[in-house]
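Observations on chain architecture
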Amino acid sequence: MNNLNYGVIGNCRTAALISQNGNIEWLCFPDFDSPSIFASLLDREKGGAFGFEVAGDYRITQSYVPHTNILSTQFSSDEGKFVVLDYMPCYRSKDETGHYLPAELYRYIHWIKGKPRFKINYHPAPNYAQGQVILNITPQYIESYCSSENKDRQYLYASLSLQDIKEKKEIILEKDEFLLLSYNEKVIPIDIEREKIEYCRTLVYWLNWTDRSKKYILYNDVIERSLLVLKLMSYHNGAVLAALTTSLPEAVGEVRNWDYRFCWLRDASMSIETMFQIGHTGAAKRFMKFIQSTFVSKHDYQIMYGIRGEHQLTEVILDHLSGYKHSKPVRIGNDAYHQKQNDSFGYLMDLIYQYYRLMPGTLDEIEDMWEMVKSILATVVENWKKPDKGIWEIRGEGQHFVSSKVMCWVALDRGAKIAQMLNKYNYSERWQLEAEKIKKDVMKYGWNKELQSFTQTYDNQAMDSSLLLMEPYGFIEADDIRYHQTVEAVRKALFHGVGEGGDNRRLARDAVERLLDGQHGLVVGCRADEVLDRRERLVRMVDEDVLLADGLPDVLRLACGELDRRLRYEGLVAQLIVALDVGEGGEEGGAERTVDRVDVEVVELELLLERLARLLGGRLGDLEADGSALAALLEGFLDLEEQVVDVLADVEVGIARDAERRRLEDLVAREEALGEVAQDVFEVEVVLELWHLDEAAKNGDRHRQDGEADFLELENALSVHNKQLYDSYQSSRKKIEGLFGISLEEHFLSWMS
C-alpha cells in the first residue's frame with residue numbers, strides 16, 4: 001500500500017493499522033510499545049503482514065461499525081460477497097472493577113452471498129523482523145516466533161484449515177468463519193460461538209462509550225470518530241500516546257523519523273482536556289493517577305515518559321528495515337526524553353487546575369497533587385529564564401521560545417489560583433509575582449518592533465502558530481493591539497490555504513504542522529466569514545472511515561512524522577469544540593463574545609427562535625383576532641429575533657475571553673444554559689399550545705363542532721396542569737428576559753402603540 005489510508009483498531013492496550021485492502025500492516029504485541037509482529041508499513045519485504053488476497057474484479061470498501069472502533073472491510077464481486085470485521089476485545093470484566101483487554105485480535109469473516117474465494121496471507125515477522133521466523137502447526141493453532149527472541153510467541157486460531165492458511169491455498173467461503181491472533185495460548189476452547197460473544201461484548205462497550213460523549217449539532221460524526229481514535233491511543237493506566245507508530249518520516253527520503261509511542265506531558269494534557277470537555281472524566285482521573293505515580297515518586301521532570309512510567313527511553317536504530325518508502329533510519333525509543341521543553345509545564349498545570357476546580361479527589365489525593373504542584377512550580381521558577389527546545393522539539397541548541405515563556409507564565413498563574421483555593425496565600429503571592437516577571441520579559445524581548453508582532457523566539461523573526469495560544473490561555477487580552485497584529489502576521493506567514501484538489505499542493509509542511517498543532521489557529525487566525533469555510537474544507541478532507549491522514553495531501557499526511565499522531569485529532573476536535581462551545585467570555589474581567597470565534601451558540605439560538613416562529617406561524621391570525629395580550633407579547637418576542645442577531649453580529653471583534661472562565665467551567669455552564677434556553681422554549685411551546693386550546697374552550701360552541709373529544713381532553717389537561725404550566729411559563733419568561741436583557745411588557749406596549 002503506497003498511501004497512508006489506514007483504519008485503526010485497538011483496545012487501550014495495543015492497536016493495529018489496517019489498509020484499505022484489509023491487510024494488517026502494523027501491530028505490536030502485547031502492548032503499544034512492544035516489538036512489532038507486522039510492520040510492512042516500514043518494510044514491504046521484511047516487515048510482515050496479515051491479510052486477504054482476492055481476484056482483481058473484487059470491489060473493496062471499508063468503514064467502521066457506527067459509533068465503534070470495529071472496522072468493517074467488504075469484499076464483493078459477481079461470484080460472491082463477504083465482510084471482514086476486525087476488532088480487539090474490550091469490555092468490562094464480570095466483577096465491574098476492571099476491563100478485559102487481552103493482547104489478541106479477531107478477524108470475523110461474515111459470509112453474505114455466493115461463493116467468494118480468497119487466499120489468506122499470514123506472514124508474521126516478530127521482534128521487528130529481526131531473525132528467522134519459525135511457524136509450527138498444531139491441531140489447535142499456528143505458533144510463530146522469531147529466532148532472535150523465542151520467548152515471545154503468537155498463536156493463530158481459526159475455524160478454517162490451518163494447513164490451507166499456512167500454504168496459502170484458495171478458500172471458498174460458504175459460511176461465517178473466524179481468525180484469532182493471540183499473544184497467549186488460549187486455555188478455553190475457541191470457536192465461532194465464542195467469537196460472536198466477544199464481538200457482541202466489544203460492540204456494546206464501544207456503543208456505551210460513545211453514548212456517554214457530549215453531542216453536538218454540527219460536526220458530531222467527525223468529533224465522535226476523532227474521540228474514538230483518541231480513546232484507542234490511551235493506555236489503560238491513563239497514559240496517552242502521541243502516536244501508535246514509529247519512524248514515519250516528516251518528508252519521504254529524509255531522516256527525521258521518530259518513535260512516538262510514548263506519553264508526552266504536553267500532548268497528553270491537551271488530549272485529556274479535550275476528553276474532559278466531551279464528557280469523559282474517567283480519562284482525566286486515570287491520567288492524573290499516572291502522572292502522580294511517575295512524577296511524585298521521584299520529584300524530577302521529563303517532557304515524556306514510557307506508557308508504564310519509564311524514565312529511560314533509549315533510542316536504537318534498526319538498520320535492517322528499509323523504512324517507509326525507503327526513508328531510513330527506523331528508530332525505536334526516543335532520545336527526546338533528555339530535552340528541556342519548558343512549555344510542557346503550562347499545559348500540565350492548566351489541566352491540574354481543572355482537576356482542582358471540577359473533580360478533586362480524596363483528601364490524600366488532593367494533598368499528593370499539591371506536593372506535585374509545588375515541585376512543578378519550583379522547576380518553573382528555576383528554568384523559565386533558560387533556553388529550551390520549544391514545542392517543536394528542535395534538536396540542537398536551545399532557544400528562548402516565546403511560547404515556552406508564555407506557558408511558564410500559565411503554569412505559575414494556575415498554580416497561584418490553586419494556592420488560593422487551598423488558602424495557601426503565601427505561595428499564591430510568590431507565584432503571582434514570578435508570573436508577572438515572565439510577562440514583562442516576554443513583552444520586552446518577545447515583541448519585534450520592526451515586524452510589529454511577537455515572533456517565534458527572542459532572537460529570530462519567524463512566525464509560529466503557537467503564538468496564537470497567548471490569548472486563549474489568558475496571557476494577553478484579545479483586544480490588545482499587539483495580539484491583533486500577531487494574529488494577522490501569523491495568518492499571512494503560515495496560512496497558505498486549506499483547499500481541495502490541486503490547492504492542497506500549496507500547503508507548506510511547516511505551515512500545516514503548526515496550523516493543526518495549534519488548537520485555536522484555525523479559529524483565531526481567521527475572520528468570521530473565513531473560518532466556517534476553512535473548517536468545512538478541513539472536515540471534508542477527513543474521511544470518517546480511516547485515520548485523519550486520508551484525503552490530505554502527502555505533505556500534510558507526513559507532517560510531524562506520524563499519520564495517526566494524536567495531536568491531529570486533538571487539534572481537530574478542539575477546533576470544532578471551540579467553534580461549537582465558543583464565546584468563552586464572561587463577566588469576570590469584562591470579557592465578551594467575539595465575532596472572530598464564529599459563535600455557533602448564536603446559530604443554535606437562531607435555530608431555537610426559528611423553531612418558535614414555525615410553531616406560532618399558523619396561529620398568529622387567530623390569536624390576534626381574539627385580541628390576546630399574550631399573542632401580542634409573543635409576536636413582539638418574535639420581532640426581537642432580528643434585533644438579537646444584529647446585536648450579536650455587532651459585538652466588537654477581538655474582545656477578550658477571560659482566562660479564568662475560559663476553561664471547562666465555562667463550557668459546562670454554557671452548555672447547561674443553552675439546554676435551559678431550549679427547555680424554556682419548549683415550555684413556552686407547551687404553554688402556547690394549551691393557551692390556544694384554552695381560548696378555543698372559551699368559545700366552546702364553535703370548537704365543540706371540531707370534536708367533542710378534543711374539548712373534553714382539553715378540560716382535563718387544563719384542570720390538572722394549568723397551575724403547573726402557568727408557573728413554568730412565568731419562570732421561562734423571566735429566563736428569556738434575562739437572556740436578552742429586554743422587558744417583554746415594555747416591548748409589547750411599544751408594539752401596541
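Here's what I pulled together on the structure shown here. (Residues numbered from 1 in each chain as written. Predicted model: local features only at pLDDT ≥ 70, side-chain atom pairs only at ≥ 80, totals over all residues. Heavy atoms only, no water.)

Below, the discussion takes up the packing of helix α9 (residues 402–421) against helix α10 (residues 425–445). In contact at an axis separation of 8 Å, α9 and α10 are set at 160 degrees when each is read in the N-to-C sense. One element, α9, and the other, α10, form an angle in the roughly antiparallel class. Handedness of the crossing formed by α9 with α10: left-handed. Contacts between α9 and α10 pair V402, K405, C408, W409, L412, D413, G415, A416, A419 and Q420 from the former with Y425, Y427, S428, W431, Q432, E434, A435, I438, K439 and V442 from the latter. Broken down by class, the residue content of the contact of α9 with α10 amounts to twelve nonpolar, four polar and four charged. (Axes fitted to C-alpha atoms, helices over the stretch in contact; angles between N-to-C directions. Helix = DSSP H or I, 4+ residues; strand = E, 2+ residues; numbered from the N terminus. Parallel < 35°, antiparallel > 145°, perpendicular 65-115°, else oblique. Left-handed = near helix turned anticlockwise from the far one by under 90°. Contact = heavy atoms within 4.5 Å. Nonpolar A, V, L, I, M, F, W, Y, C, P; charged D, E, K, R; others polar.)

Bringing the packing of aromatic side chains into the picture now. All chains considered together, the criterion is met by 27 aromatic pairs. Taken together, a centroid distance of 6.3 Å and an interplanar angle of 75 degrees make the contact between F29 and Y183 edge-to-face. A residue pair is termed long-range when its members are at least 10 positions apart, and F29 in the loop between β3 (24–28) and β4 (36–38) and Y183 in the loop between β17 (177–182) and α3 (192–211) qualify at 154 residues. With respect to class, F29 is no different from Y183; both count as buried. Aromatic pair F75 and F82: ring centres 4.8 Å apart, planes at 5 degrees, arrangement stacked. (Phe/Tyr/Trp six-rings, centres within 6.5 Å; stacked < 30°, edge-to-face > 60°. Buried < 20%, exposed > 50% of the residue type's maximum accessible area, 1.4 Å probe, protein only.)

Summarising the sheet, strand β6 (residues 59–64) and strand β7 (residues 71–77) pair through six bridges and their orientation is antiparallel. Looking across to β7, one finds that T61 is bridged to Q74. Remark: six residues form the turn of the hairpin made by β6 and β7, two consecutive strands paired antiparallel; H67 in that turn has positive phi of roughly 70 degrees. (Pairing = 2+ DSSP bridges.)

Counting 153 residues, the largest nonpolar core has I120, I165, L179, I352 and I376 as its most contacted members. Setting aside chain neighbours within four positions, we find I352 in contact with M288, M369, M372, V373, I376 and I418. Among the nonpolar cores identified, the runner-up in size contains 15 residues, and I70, Y87, Y157 and I192 belong to it. (Core = buried A, V, L, I, M, F, W, Y, C linked by side-chain atoms within 4.5 Å.)

Residue placement: A378 occurs in helix α8 (residues 363–383). The partly exposed category is assigned to A378, whose relative accessible area is 45%. Remark: the alpha-carbon pair of A378 and W431, spanning 53 residues in sequence, is separated by 9.6 Å.

Moving on, we come to the pairing of strand β2 (residues 15–19). By the criterion of burial, β2 is predominantly enclosed, with five of the five residues buried. Residues A15, L17 and S19 of β2 are buried on one face, and the alternating residues A16 and I18, pointing to the opposite face, are buried as well. As judged from the five bridges shared by strand β1 (residues 6–10) and β2, these two strands associate in the antiparallel manner. Across the sheet, the residue bridging to V8 is L17, located in β2. In terms of strand pairing, β2 meets β3 through three bridges, oriented antiparallel. Considered in β3, the bridge of A16 is made with L27.

By themselves, these figures tell us nothing about what the structure is for.
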